[in-house]
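The primary structure of each chain is shown beneath.
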2 protein chains.
Amino acid sequence: MTRRLLNERDIRFLLYELFDTESLLQRERYRDHSTETFQQILNTAQSLAEEYFENHNVKGDQEQPTFDGESITMIPETKRAWDAFAEAGFLCAQYNYDEGGIQLPEIVLRTAISYFCAANIATTGYTLLSIAAANLIREFASDPLKDRFLPPLCEGRFSGAMAMTEPNQGSALADITTTAFPTGDGMFRLVGNKIFISGGEHTLTENIVYLTLARIKGAPAGAKGISLFLCSKYHVEDDGSLAQRNDIKLSGLIHKMGYRNTTSTALAFGEEEGAVGYLIGEANQGLKYMFHMMNEVRIAVGAGAVALAYQGWNMSLNYARERPQGRLPSNKDPSSEQVMIVEHADVRRMLLAQKSIAEGGMALCMLASTLFEDSKTASESGQREEAQLLLDLLTPVVKSWPSRYGVASNDLAIQVLGGAGYTSEYPLEQYYRDQRLNPIHEGVEAIHALDLLGRKMRNGTAFRILLDRITATIRRSRELEETVGLSAQLERHVELLKTISDSLLAKLDRDIDLGLANASLYLDVFGRTVVAWLWLEQATTAALGLQRTPLGEADHSFYRGKIQAAHYYLYWELPQIEWQSGLLRELNPICFDMRNEWF
Amino acid sequence: MTRRLLNERDIRFLLYELFDTESLLQRERYRDHSTETFQQILNTAQSLAEEYFENHNVKGDQEQPTFDGESITMIPETKRAWDAFAEAGFLCAQYNYDEGGIQLPEIVLRTAISYFCAANIATTGYTLLSIAAANLIREFASDPLKDRFLPPLCEGRFSGAMAMTEPNQGSALADITTTAFPTGDGMFRLVGNKIFISGGEHTLTENIVYLTLARIKGAPAGAKGISLFLCSKYHVEDDGSLAQRNDIKLSGLIHKMGYRNTTSTALAFGEEEGAVGYLIGEANQGLKYMFHMMNEVRIAVGAGAVALAYQGWNMSLNYARERPQGRLPSNKDPSSEQVMIVEHADVRRMLLAQKSIAEGGMALCMLASTLFEDSKTASESGQREEAQLLLDLLTPVVKSWPSRYGVASNDLAIQVLGGAGYTSEYPLEQYYRDQRLNPIHEGVEAIHALDLLGRKMRNGTAFRILLDRITATIRRSRELEETVGLSAQLERHVELLKTISDSLLAKLDRDIDLGLANASLYLDVFGRTVVAWLWLEQATTAALGLQRTPLGEADHSFYRGKIQAAHYYLYWELPQIEWQSGLLRELNPICFDMRNEWF
């Protein structure tokens with residue numbers, strides 16, 4: 001029963017019972033695939049993750065990359081992992097055949113990557129950034145740039161990174177000051193400093209491609225004056241060979257509490273002649289393009305957070321099943337055998353909470369993958385637009401909910417182990433440290449809260465699409481004995497979400513500062529409701545599964561567990577939104593009114 | 001405005017406005033003191049903490065103690081800190097003059113120690129354990145043992161530790177197996193293994209005194225067969241000089257995610273001839289005596305958690321006041337100046353939440369100190385008994401609430417700093433790692449939950465005393481404009497606590513396993529209500545302070561901040577108990593019914 005990476009039974013449930021991944025095979029793009037090829041790819045991912053990634057998860061934390069002022073040193077396992085990932089074709093598996101890909105559906109690719117994240121989030125980070133960088137180039141760069149940079153990115157000879165954040169603006173992207181000077185030949189020279197650039201330097205690839213935000217000299221202030229440039233560590237000749245270094249220097253590595261084998265770098269652009277950069281798309285439209293990459297990476301952050309939560313849960317479950325301690329309160333006989341701690345109700349609470357976060361988060365990320373898929377390959381344009389709208393609406397949740405509750409989940413994993421969980425004998429304390437980055441990078445939580453309430457919710461259609469889907473689930477679940485109560489419980493709480501959404505949106509136009517003051521609370525209410533919906537959906541699917549005959553004992557237990565976890569989430573977690581909604585409804589001004597000098 | 005250790009204005013408020021520390025001067029024991037001597041002692045603590053403890057907080061984390069199989073190496077600053085603490089007399093400041101103390105009231109001693117905890121929790125750990133060990137010996141050991149061990153413990157030549165936990169029982173103390181064999185001359189030889197023994201080995205003192213739980217050969221099974229022994233690293237001759245080593249060996253140091261400069265040790269008792277131990281008190285009564293030390297240490301854990309929360313809050317507040325980033329949503333002019341992040345409502349929320357935890361937790365710990373004080377030195381025996389009952393009832397809360405919410409508070413401190421908070425450039429990530437131990441050591445949270453609901457609440461008198469005190473606060477606060485609303489808010493929620501307490505207690509006799517299944521949830525409801533009471537008490541005191549004339553601007557701001565934080569706690573945190581109470585009232589069986597095979 002010992003679990004290692006994720007849980008195969010759950011993955012099958014999510015892919016083929018909760019989401020109808022098999023139906024993708026009817027789409028033209030995927031007609032060469034079968035559920036068997038999907039499974040082979042997942043098996044490959046799992047075994048590579050176990051062999052090349054899991055092996056140095058702890059070592060990469062203990063022997064993090066170092067910089068001596070000249071060059072970087074990293075443990076060699078990291079490059080071997082990168083190479084294995086690239087050789088297996090995962091860097092461009094989703095591309096068309098003529099681009100070197102195998103036309104893999106998004107949900108299968110992302111599930112495959114979840115195995116790598118579960119094994120070693122820090123090393124996998126390089127691959128996620130690179131895939132996202134290549135996707136952006138593929139979407140928006142000119143053909144000559146694509147020809148020069150995409151093949152080596154796909155093959156893993158080059159890697160990609162985002163160069164956005166600067167020392168003095170943090171999450172406020174509109175205030176970046178890196179400047180791009182036109183050189184007259186269609187190229188630019190960039191000057192400025194970037195910080196917290198993940199994967200900004202390393203020893204994995206021949207070259208690094210930086211998708212860099214900067215302002216063309218003279219551009220307007222704020223978001224409307226930001227352009228996107230492709231810069232590379234080494235210049236690339238027309239024949240693809242590498243030339244001299246670009247004027248981008250590593251100023252230093254940043255030491256972090258976790259995610260240590262992913263380098264976090266401070267980069268100096270243009271300390272000498274200026275870093276050569278190629279404009280991507282149109283001038284002053286950079287943020288729009290960058291959001292393509294950021295949205296992908298935000299979803300990847302959510303999926304990584306889920307993988308860490310999943311691993312903490314697996315490990316604390318394994319431990320709870322094997323560790324004897326204490327007796328039930330009713331047993332007063334001190335000479336009787338101790339029970340395994342999984343028998344204690346409070347330990348079960350901590351395991352159920354983790355299950356609800358890990359599996360609920362996995363369902364949420366897979367939903368994002370299906371929406372991404374449908375936005376690209378659904379047959380009807382209406383379906384594609386609907387999927388895109390819903391994905392845009394949910395992206396702040398997909399990034400934030402797993403990050404926030406992933407930390408809570410890893411916290412519980414430590415608590416299940418007690419003193420042992422606090423030691424470095426188990427990787428749980430590392431998961432917890434790794435996980436803590438997720439509510440910070442790719443935009444702190446507050447940024448996503450403002451994005452959801454201040455921007456995405458302004459589009460009433462997107463919210464309506466979400467509500468329609470939730471209503472459809474509620475209707476189906478009402479028909480089943482196991483889920484009829486859950487159905488009513490969700491319905492009540494969705495009503496709350498509707499009411500406060502309407503009331504908040506109405507107030508935004510009158511006083512936007514106060515209207516957005518409690519946006520983080522709204523994000524939490526929204527996220528809890530969405531995940532509760534996905535739990536009701538899972539419970540309904542499981543209840544239908546229970547009706548199958550014959551039904552093996554393992555499947556029976558699995559479905560019962562799903563239904564119990566849904567009860568846990570809908571009765572122990574969802575009701576928090578009741579008092580939260582009260583604060584939102586009245587536009588509670590306590591935080592807004594607090595003054596600096598009162599602290 | 002930069003804050004370093006704690007906040008002097010708040011400490012004065014708590015000591016002299018919220019609690020009437022000055023009234024202690026009327027008690028016979030404290031007649032030589034004055035508020036000036038109290039302040040001098042706090043000033044000494046603060047300056048020693050800054051000079052000898054804060055200086056190596058980071059270094060002690062980065063260069064943690066090591067063990068080469070023969071001896072331990074520690075950074076020398078740790079011993080200098082220990083010596084400074086001992087020389088200033090803090091190890092026995094609370095003792096009578098004839099014992100070498102200065103008869104310092106508990107609340108002043110504990111406040112003084114809070115400065116050390118705020119500066120360096122790991123190094124301060126040694127002093128806390130030692131003070132508690134000496135207190136236990138003073139209370140229960142025979143005169144010859146006291147004569148031999150108390151003076152060197154008071155002077156800091158010896159230190160103390162608790163040797164309780166064993167590899168195979170964790171928090172289930174009843175199952176320890178270390179065995180004590182009588183040697184016929186009133187002494188015992190102990191054989192067994194202990195683990196997670198904090199301060200079990202170090203280089204600070206000539207000798208270490210272990211208060212060790214073991215079973216005398218042939219003793220009954222379970223808690224009723226546990227005795228307490230005093231063992232020391234080196235034998236002590238009658239003249240106080242050290243003789244050869246006792247048979248207690250360091251098997252290894254345990255590496256932890258935080259609290260690193262406090263050694264956590266595995267100790268082998270009696271690998272050769274058996275470790276000499278002296279029975280303390282009566283045989284088979286060991287747990288009772290040990291609880292004397294454990295209760296003290298549990299309160300110290302809570303106070304340490306508060307100090308870490310306080311420091312995280314101070315540091316994130318300092319940062320938020322100096323870091324410009326972004327603009328208010330209503331400001332659409334990208335060329336305008338950025339605001340300090342303290343101006344963002346969501347940052348204020350994170351600061352207010354931390355303030356509510358740090359200052360609320362400090363009030364809670366000071367309440368425990370006043371109860372401890374009154375249980376010893378109040379003039380009427382009824383007052384002493386009442387104080388003891390209330391302290392017993394609240395100890396699980398004083399240990400658990402600051403530990404749990406201290407983690408949440410340090411989490412928010414990191415979030416305020418964003419990416420910077422995740423780096424080791426700031427000590428916030430260390431506070432967070434240090435803090436994570438507090439919900440584990442001295443009993444994991446579930447143990448305290450069972451203690452509260454399964455044991456302490458069985459004494460209806462204690463709960464009645466608490467309710468009477470809360471009611472008195474509600475009555476006073478009802479009379480003031482600033483607090484009348486808060487008063488009603490608390491009253492409603494106290495009713496909830498009463499109702500569910502009655503209903504749970506009634507059920508305990510019928511089905512104790514189910515009745516205690518949600519004890520952790522009950523502990524949270526209870527803790528939130530108690531802290532909300534202390535916030536109402538603080539708001540009421542502040543509201544009265546606002547009526548003073550003349551009132552300086554700084555005091556005005558301070559009182560307004562107290563009232564605002566009370567609003568935050570009572571409206572943003574307390575209402576969580578509404579849905580929690582619902583689960584408790586119905587004896588929600590979701591976690592209880594979950595089965596191992598369903599996971």
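Thresholds, definitions, all that
Residues numbered from 1 in each chain as written. Chains lettered and ligands numbered in written order. Predicted model: local features only at pLDDT ≥ 70, side-chain atom pairs only at ≥ 80, totals over all residues. Helix = DSSP H or I, 4+ residues; strand = E, 2+ residues; numbered from the N terminus. Rg over C-alpha atoms; globule rule 2.2 N^0.38 Å. Buried ≥ 20, exposed ≤ 12 C-beta atoms within 10 Å, placed from the backbone. Expected span 1.5 Å × (residues − 1). Axes fitted to C-alpha atoms, helices over the stretch in contact; angles between N-to-C directions. Parallel < 35°, antiparallel > 145°, perpendicular 65-115°, else oblique. Contact = placed C-beta atoms within 7 Å. Nonpolar A, V, L, I, M, F, W, Y, C, P; charged D, E, K, R; others polar. Domains from an automatic or database assignment. Pairing = 2+ DSSP bridges. Left-handed = near helix turned anticlockwise from the far one by under 90°. Core = buried A, V, L, I, M, F, W, Y, C linked by C-beta atoms within 7 Å. Least-squares fit on C-alpha atoms with pLDDT ≥ 70 in both.

1. Topic: the overall build of chain A
Counting its regular elements, chain A contains 19 helices and 12 strands. In terms of overall size, chain A behaves like a compact globule, its C-alpha atoms giving a radius of gyration of 24 Å where 599 residues would be expected to give roughly 25 Å. Along the first, second and third principal axes, the C-alpha atoms of chain A reach 80 × 60 × 55 Å. Split into buried and exposed, the 599 residues of chain A put 58% on the buried side.

2. Some points on unusual backbone geometry
All names here are of chain A. Of note, the bond from T549 into P550 is cis; its omega dihedral lies within 30 degrees of zero at -10°. As for its position among the elements, P550 is in the loop between α16 (519-546) and α17 (553-573). Residue F196 is not a glycine yet carries a positive backbone phi of 55°. Summarising the element assignment, F196 is placed in strand β5 (residues 187-198).

3. With respect to helix α7 (residues 143-155) of chain B
Residues and elements named next belong to chain B. Compared with an ideal rise of 1.5 Å per residue, which puts 13 residues at 18 Å, α7 spans 18 Å between its outermost C-alpha atoms and is within 8% of the ideal. Taken together, the buried positions of α7 are occupied by R148, F149, L150, P152, L153 and C154. Positive phi shows up at G156, right after α7, with a value of about 90°.

4. Describing the packing of helix α10 (residues 381-417) of chain B against helix α16 (residues 519-546) of chain B
Residue and element names in this part refer to chain B. The contact between α10 and α16 brings their axes to 10 Å, and the two run at 90°. As judged from the angle between their axes, α10 and α16 are roughly perpendicular. Contacts between α10 and α16 involve L394, P396, V397, S400 and W401 from the former and L523, F526, G527, V530 and V531 from the latter. Grouping the amino acids of the contact of α10 with α16 by side-chain chemistry returns eight nonpolar, two polar and no charged.

5. Digging into the domain arrangement of chain A
Along its sequence, chain A is organised into domain 1 (8-155), domain 2 (159-289) and domain 3 (444-592). Measuring from the centre of the C-alpha atoms in domain 2 of chain A to the corresponding centre in domain 3 of chain A gives 39 Å.

6. So, the environment of S487(B)
Residue and element names in this part refer to chain B. Take S487: it is sitting in helix α14 (residues 484-508). Overall, S487 belongs to the buried group, with 21 C-beta atoms counted inside 10 Å. Expressed as a C-alpha distance, the spacing of S487 and Q435, which sit 52 residues apart in the sequence, is 32 Å. Contacts of S487, omitting those with residues within four sequence positions, involve I474, S477, R478 and L536.

7. Quick look at the interface of chain A and chain B
Between chain A and chain B, the residue contacts involve 75 residues of the former and 75 residues of the latter. Counted by class, the side of chain A that touches chain B contains 38 nonpolar, 24 polar and 13 charged residues.

8. Overview of the pairing of strand β12 (residues 275-279) of chain B
Residue and element names in this part refer to chain B. Residues A275, G277 and L279 of β12 are buried on one face, while the alternating residues V276 and Y278, pointing to the opposite face, are not. Both strand β5 (residues 187-198) and β12 contribute to a ladder of four bridges, which runs antiparallel. Bridging from a neighbouring strand, M187 pairs with Y278 of β12.

9. Quick look at the packing of helix α10 (residues 381-417) of chain A against helix α12 (residues 445-454) of chain A
Residue and element names in this part refer to chain A. Between α10 and α12, the shortest axis-to-axis distance is 9 Å and the interhelical angle comes to 145°. Considering only the axes of α10 and α12, their crossing is left-handed. Between α10 and α12, the residues in contact are P396, K399, S400 and R404 and E445, H448, D451 and L452, respectively. Considered class by class, the residues forming the contact of α10 with α12 number two nonpolar, two polar and four charged.

10. A look at the environment of F592(A)
Summarising the element assignment, F592(A) is placed in helix α19 (residues 590-593). Among the residues examined, F592(A) registers 18 C-beta atoms within 10 Å and is labelled partly exposed. Each C-alpha atom, one on F592(A) and one on L516(A), is 9.6 Å from the other, the two residues being 76 residues apart in sequence. Ignoring anything within four residues of it in the chain, the contact list for F592(A) reads L514(A), A517(A) and A345(B).

11. Some words on the nonpolar core
In terms of nonpolar packing, the biggest core is built from 402 residues, with A133(A) and A133(B) touching the most fellow members. Those residues in contact with A133(A) that lie beyond four places of it in its chain are L153(A), G160(A), A161(A), V209(A), L211(A) and M293(A).

12. A closer look at the relation of the copies chain A and chain B
For the match of chain A to chain B, the screw axis carries a shift of 0.0 Å, the RMSD comes to 0.0 Å, and the turn is 180°. The operation mapping one copy onto its partner corresponds to a two-fold rotation axis. When C-alpha positions in chain A are compared against the rotation axis, the closest is assigned to Q576(A), at 3.3 Å. A shared binding surface is used by both copies, with 100% of the interface residues of chain A retained as interface residues in chain B.

13. Section: the environment of G515(A)
All names here are of chain A. Inspection of the secondary structure puts G515 in helix α15 (residues 512-515). Note: C-alpha distance between G515 and S503 (12 residues apart in sequence) is 9.7 Å. Discounting residues that sit within four places of it in the chain, G515 has contacts with L504, K507 and L508.

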